[in-house]
Amino acid sequence: MKRYLMALALLVAACAPQVTQAPEVRPELRVEAFYPAATGLEWTYLPEGEPLSNPPYRVRVEGPAVFQGEEVLRFRSFGRGENRVYYRGVGPFGVRLFGFEDPSARVVFAPPIPEYPPEGLLAVGYRWGGESEVRATLLTPQGERPLASGRLAYTFEVLEEKEVRVPAGVFRVFRIRQRYRDEKGEALYEVWFAPKVGEVRTREGRLLMDRNFR
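Residues numbered from 1 in each chain as written. Predicted model: local features only at pLDDT ≥ 70, side-chain atom pairs only at ≥ 80, totals over all residues. Heavy atoms only, no water.

## What about the pattern of salt bridges?
Rules: Here, a salt bridge means any Lys or Arg side-chain nitrogen found within 4 Å of an Asp or Glu carboxyl oxygen. Here a helix means four or more residues in a row that DSSP labels H or I, a strand means two or more in a row labelled E, and each is numbered from the N terminus. Remark: exposure states derive from per-residue accessible area (1.4 Å probe, protein chains only) relative to the maximum for the residue type, with buried under 20%, exposed over 50%, and partly exposed in between.
One pass over the full model with this rule turns up 22 salt bridges. Salt-bridge contacts for Arg84 lead to Asp102; the nearest nitrogen and oxygen are separated by 3.4 Å. With Arg84 in strand E4 (residues 82-91) and Asp102 in strand E5 (residues 94-102), this pair connects stretches of sequence that are 18 residues apart. Under the relative-accessibility criterion, Asp102 is labelled buried at 17%. Ionic contacts of the salt-bridge type, sharing partners, join the residues Glu42, Arg58 and Arg60 into one network.

Here it is in structure tokens:
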């Protein structure tokens, strides 16, 4: 698989800054789900180490959608010129990533990547993983054009449960190491997840600044 494919599937390119606002807190949005995914939920993030005055990135749950024939939820990540939609399934099985789109490309994971396991399994020492075919297509006014394809292996492990302080406050999180591997090499990421809150640190190294629910 071309190295380009892993970069496309795993990384978010740096883009020109644009001003975004913090999410408005909506008192009616009260989360009971272990993996928050209700329509209208929104989180804001800043890359670790950046001044709080810098423009943030935002993630918003836009609601139900159909992706590659599957009923899923749309999660939009935007800010600083970024505009990407992730398609996820959320349920008793945990969280599965089916793919994502940006204005110029679509990436599909078959089978979907299990980003998080059933909530009863998320504990220190738990490991899960697998392998997916990755298909990337270029989106043009004339239609879709194949861009790249290949196999992507992944292994996730819960390293520890700890208390962390980020701009949004203090949270009890699970530290999760994500390892992705293709024929060209591997990439390592770390995510901090807080139940009923969401990702406190994303794999891109962005820390939670605020959210519009409690």
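Additional details are given in the paragraphs that follow.
## Regarding the packing of aromatic side chains
Inclusion rule: Between 30 and 60 degrees the pair is tilted, below 30 it is stacked and above 60 it is edge-to-face, where a pair is any two Phe, Tyr or Trp rings, Trp via its six-membered ring, whose centres lie within 6.5 Å. Whether a charge lies above a ring is judged from NZ of Lys or CZ of Arg, which has to be within 6 Å of the ring centre and within 35 degrees of the ring normal.
The tally for this structure, following the rule as stated, stands at 14 aromatic pairs. Measuring from centroid to centroid gives 5.0 Å for Phe34 and Tyr35, while their planes differ by 90 degrees, and the two rings are edge-to-face. The exposure class assigned to Phe34 is buried, which follows from its relative accessible area of 16%. Plain terms: the ring middles of Trp43 and Phe213 are 5.6 Å apart, the flat faces sit at 85 degrees to each other, and that makes the pair edge-to-face. On the criterion of sequence distance, the pair formed by Trp43 in strand E1 (residues 42-47) and Phe213 in the segment after strand E12 (206-211) is long-range, its members being 170 residues apart. As far as the burial class goes, Trp43 and Phe213 line up, both buried. Over the aromatic face of Phe75 sits the side chain of Arg88, whose NZ or CZ is 5.1 Å from the ring centroid. When the ring centre of Trp192 is taken as reference, the NZ or CZ atom of Arg201 above it lies at 5.9 Å.

## As for the confidence of the model for the protein chain
Reading fine detail from the predicted coordinates is not recommended where pLDDT is low. So the rule is basically this: Across the chain, each position has a pLDDT score giving the predictor's confidence in that residue, from 0 to 100. In what follows, a contact means two residues having at least one pair of non-hydrogen atoms within 4.5 Å.
Here the protein chain averages 89 in pLDDT, and 86% of its residues register 70 or above. Low pLDDT, under 50, characterises residues 1-5; the predicted model gives this stretch 20 contacts beyond four residues in sequence or across chains. In this model, residues 10-23 is a region of pLDDT below 50 whose contacts with residues beyond four sequence positions or in other chains number 38 contacts.

## Concerning the environment of Tyr180
Stated precisely, the cut-off is as follows: Contacts described as polar in this section are N or O atom pairs within 3.5 Å, which, within protein, must combine one atom able to donate a hydrogen with one able to accept it, while residues neighboring in sequence count only if both atoms come from side chains.
With respect to the secondary-structure elements, Tyr180 resides in strand E9 (residues 169-182). Look at Tyr180 and you get buried, because its relative accessible area is 2%. Taking the C-alpha atoms as reference points, Tyr180 and Gly130, 50 residues apart in sequence, are found 9.9 Å from one another. Reaching out from Tyr180, the side chain makes a polar contact with the side chain of Gln178 at a distance of 3.3 Å. A polar contact is formed between the side chain of Tyr180 and the side chain of Arg203, at a distance of 3.5 Å.

## Comments concerning the side chain of Glu42
Along the chain, the position of Glu42 falls in strand E1. A polar atom in the side chain of Glu42 sits 2.4 Å from the side chain of Arg58. Engagement of the side chain of Glu42 in a polar contact is seen with the side chain of Arg60, the distance being 2.8 Å.

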